[in-house]
Amino acid sequence: MNYAEMIDRALKGRSVTSVAKEWGLQQRTLDRYVKGQSIPDVPTIRKIAREAGISGDEALEIIEMQEYEHKARNFKLQMGFA
C-alpha cells in the first residue's frame, strides 16, 4: 500500500471537509495531506492508520516513504533551477 491508497482507505469515500471536522483538523490541512503536499503529524497518522485499518507501524513506514519521495522530487526541482 502506498500513501495515496492509505489516505483513500482512511477517507472511506467521505469528503475531506467531513473527515476534517470529524478528526478536528482544518479542511485545508487535511486537503494538503490528501494531495501529498505535506506530511501529517503523529496524532493524525494514528487516526489515518486506525481509519485505514492498518497498524501504526505500517502507517509510519508508508509516511516515511512518502516523505522520502517528496524530498527527492523537491531536490530534483531545485537541481533543475540551479
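Before reading further, recall that the structure is shown in the block above.
## Thoughts on the overall build of the protein chain
Now for step 1: The helix and strand tally for the protein chain stands at 5 helices and 0 strands.
Now for step 2: For the protein chain, the spread of C-alpha atoms along the principal axes amounts to about 45 × 25 × 20 Å.
Now for step 3: When contacts within the protein chain are restricted to residue pairs at least 6 apart in sequence, long-range pairs at least 24 apart make up 55% of them.
Now for step 4: Taken as a whole, the protein chain presents about 5600 Å² of accessible surface, with 51% of it coming from carbon and sulfur.
Now for step 5: Positive and negative charge centroids in the protein chain, built from 13 and 12 side chains respectively, lie 7 Å apart.

## Some points on unusual backbone geometry
Now for step 1: With phi around 55 degrees, K12 is a residue other than glycine that occupies positive phi space.
Now for step 2: On the basis of relative accessibility, which here comes to 51%, the residue K12 falls in the exposed class.

## Section: the nonpolar core
Now for step 1: Among the nonpolar cores identified, the biggest contains 19 residues, and Y3, M6, L30 and I54 are the most heavily contacted of them.
Now for step 2: At the level of secondary structure, the elements contributing two or more residues to this core comprise α1 (3–11), α2 (16–23), α3 (27–34), α4 (42–52) and α5 (56–80).
Now for step 3: Residue contributions to this core peak at 5 residues, all from α1.
Now for step 4: With residues up to four places along the chain from it excluded, the contact list for M6 reads M1, I48, A52, I54, A59, I62 and I63.

## Some details on α4
Now for step 1: Here α4 has its buried residues at T44, I45, I48, A49, E51 and A52. The arc that holds every buried residue of α4, seen down its axis, measures 170 degrees, which confines them to one face. Counted as exposed and oriented over 90 degrees from the buried face of α4: R46 and R50.
Now for step 2: G53 sits one or two residues past α4 and shows a positive phi near 75 degrees.

How each quantity is defined
- Residues numbered from 1 in each chain as written.
- Predicted model: local features only at pLDDT ≥ 70, side-chain atom pairs only at ≥ 80, totals over all residues.
- Heavy atoms only, no water.
- Helix = DSSP H or I, 4+ residues; strand = E, 2+ residues; numbered from the N terminus.
- Contact = heavy atoms within 4.5 Å.
- Areas by Shrake-Rupley, 256 points an atom, 1.4 Å probe, with all protein chains shown as cover.
- Lys, Arg positive; Asp, Glu negative; His and termini not counted.
- Charge placed at Lys NZ, Arg CZ, Asp CG, Glu CD.
- Buried < 20%, exposed > 50% of the residue type's maximum accessible area, 1.4 Å probe, protein only.
- Core = buried A, V, L, I, M, F, W, Y, C linked by side-chain atoms within 4.5 Å.
- Arc of directions from axis to C-beta.

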